[in-house]
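Coordinates in review
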Amino acid sequence: MNLQSTNVLAPTSPRSMAETGLSQVMMRDILIKTMFRMNLSHTSEIAQVICLSLAATQEIVDLARAQRLVEATGTLHANSGNEMGYQLTEAGKSRALDALAQSEYYGAMPVPLESYKEQVTRQSIRNIQLTRDQLLASMGHLILPEDLIQNLGPAVNSGRSILLYGPPGNGKSSISNGIRDAMGDKIFVPRALEYSGQVITVYDPIIHTKAQMAVDDPTSLRRNANRFDSRYVLCDRPTVITGGELTLEMLNLTYNPTARTYQAPLQLKATGGVFIIDDLGRQKESPQALINRWIVPLEENRDILTLQSGEKFTVPFDTLVIFSTNFHPNEIFDGAALRRIFYKIKIDGPTQEHFLKIFAMVARKRKLPLDEATLVHLLQKKYPTIDNLYANYQPLFLTDQVIAICEFEGIPYQMTPELIDRAWANMFVKEEVIAR
């Protein structure tokens, strides 16, 4: 994996302490905390962990030596490239403990927020221009109405908010995932940010998919590390998917009182990518309350976060937000909220023709032979009982039900009216009063 896999301009590696944009005290304290916690003694090892160049790392080590917090061991180790070894002095250990009492954070040096804002601009989601072919390729497994792609394309390329609404089971979530898959390129995600002396961790291996980097011998590792600022991680454009579990608290900074560090909220982790809010209307907060929280971000491309001290500051909001709901928009939003959502796209159920295409495609994948008489029975006897309301999920549901019955009965995969009737009975719950 190399930087040719992304068109994004990479952040350059700082060659000195000054170029990191961080204070000397913060860098010194992170270095001695890292040495203390990880028992590191060689500059090359420390550089790899704190994600700086050898030159910048040596500069911090020399600063700590001048302040008598670090001392040379006076020995060269052949298995470490004849590097000089270092260790914390008693004063250094004492300072490390004091620094850990203020913040448990150690390891990768954070990126100053102002520097990160510049990188966000370079890799903005709004710089992406998807083609019709790219969208179609990412959704090739879906049978979609002809006009849907022509509505989705401009919405995605705008990088603005999208509302997908319509009856349940018609692929709103699959379409959202298809939009994510169509993007395909990679961006640089900071391991952590620094603002006002506070550290905010951003890179999250649960959310961010790290690009595979070539692993060479140690000499090559040092050379590759200089290709871009290794305080960042090269990742696929991130996707955050939330559903009924989303709360307003998840959109705020999370403070860890034990470590005395902050965790970035979901929308900051999704910067440069997609934030999918699925099943809107099932959250504890009302859809209107959630939209109200997003008013400034959606209109001004910036979000406002708050530290424990009460200090507020702004971070970039560079995210394609996709709301997905089974409710009609007028039922859950007022007019002002709807104006903040730039694109509203209805995802309706398939026509009978599309339903049959989906059924045939699903049955072929599941190796279930189609039977014309059974399909006629399904369309003429079963669907009229639900006013011929077709949904995209139904072919897969019915097919899997029929296969499960065949496997239980010990018969070859087959499609008959009787088997379809048994499968249909599991798709809906009959309206009735249950005595208790």
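The rules behind the values
Residues numbered from 1 in each chain as written. Predicted model: local features only at pLDDT ≥ 70, side-chain atom pairs only at ≥ 80, totals over all residues. Heavy atoms only, no water. Pairing = 2+ DSSP bridges. Helix = DSSP H or I, 4+ residues; strand = E, 2+ residues; numbered from the N terminus. Salt bridge = Lys/Arg side-chain N within 4 Å of Asp/Glu carboxyl O. Buried < 20%, exposed > 50% of the residue type's maximum accessible area, 1.4 Å probe, protein only. Core = buried A, V, L, I, M, F, W, Y, C linked by side-chain atoms within 4.5 Å. Contact = heavy atoms within 4.5 Å. Axes fitted to C-alpha atoms, helices over the stretch in contact; angles between N-to-C directions. Parallel < 35°, antiparallel > 145°, perpendicular 65-115°, else oblique. Left-handed = near helix turned anticlockwise from the far one by under 90°. Nonpolar A, V, L, I, M, F, W, Y, C, P; charged D, E, K, R; others polar. Disulfide = S-S within 2.5 Å.

**Some details on the pairing of strand β6 (residues 192–195)**
For strand β3 (residues 111–112) and β6, the ladder comprises two bridges, and the chain directions are parallel. From the neighbouring strand, Val111 faces β6, where its bridge partner is Leu193. Across four bridges, β6 lies against strand β7 (residues 198–201) in antiparallel orientation. In the sheet register, Tyr195 faces β7, and the bridge partner there is Gln198. Between β6 and the antiparallel strand that follows it, β7, lie two residues; Ser196 among them carries a positive phi value of about 55 degrees.

**Remarks on the sheet that holds strand β10 (residues 254–256)**
Ordered in space as β3-β6-β7-β11-β10, the five strands form an open sheet in which the pairing is mixed. Looking at strand neighbours, the two that pair on one side only are β3 and β10, the edges of this open sheet.

**Focus: the pattern of salt bridges**
What the rule picks out here adds up to 20 salt bridges. Of the charged contacts in the structure, one is a salt bridge between Asp185 and Arg237, with a shortest N-O distance of 2.7 Å. A residue pair is termed long-range when its members are at least 10 positions apart, and Asp185 in the loop between α9 (172–183) and β5 (186–190) and Arg237 in the loop between β8 (232–236) and β9 (239–242) qualify at 52 residues. Given the relative accessible area of 18%, Asp185 is considered buried. Across the salt bridge formed by Asp236 and Lys186, the nearest N and O atoms sit 2.5 Å from each other. With a gap of 50 residues between them, Asp236 in strand β8 and Lys186 in strand β5 connect regions that are remote in the sequence. Several salt bridges share partner residues, and in doing so they unite Arg28, Asp29 and Arg95 into one network.

**Focus: the nonpolar core**
Within the largest apolar cluster, 28 residues are counted, with the highest numbers of intra-cluster contacts made by Leu31, Ile32, Met35, Ile50, Ile60, Val70 and Met109. Of all elements in the fold, only α2 (24–38), α3 (43–50), α4 (54–66) and β2 (83–88) reach the threshold of two or more residues within this core. Setting aside anything within four residues of it in sequence, one finds Val70 in contact with Ile32, Met35, Val61, Ala64, Arg65, Tyr86, Gln87, Leu88 and Thr89. In terms of nonpolar packing, the next biggest core, distinct from the first, is built from 26 residues, Val111, Tyr232, Ala264 and Val315 among them.

**Side note on the packing of helix α16 (residues 372–382) against helix α18 (residues 417–425)**
The N-to-C vectors of α16 and α18 enclose an angle of 45 degrees; their axes lie 9 Å apart at closest approach. Between α16 and α18, the crossing angle belongs to the class labelled oblique. For α16 against α18, the interelement crossing comes out right-handed. The residues of α18 that touch α16, namely those facing Thr374, His377, Leu378 and Lys382, are Pro417, Ile420, Asp421 and Trp424. Of the residues assigned to the contact of α16 with α18, the class counts are four nonpolar, two polar and two charged.

**Brief notes about the packing of α2 against α4**
In contact at an axis separation of 10 Å, α2 and α4 are set at 90 degrees when each is read in the N-to-C sense. Here α2 is positioned roughly perpendicular relative to α4, judged by the angle of their axes. Contacts between α2 and α4 involve Gln24, Met27, Arg28 and Leu31 from the former and Thr57, Ile60, Val61, Leu63 and Ala64 from the latter.

**Overview of the state of the cysteines**
Counted by the stated rule, this structure contains zero disulfides. Cys51 takes part in no disulfide bond, and the closest cysteine sulfur to it belongs to Cys235, at a distance of 12 Å. Overall, the relative accessible area of 5% leaves Cys51 in the buried class. Take Cys235: its relative accessible area is 0%, and that puts it in the buried class.

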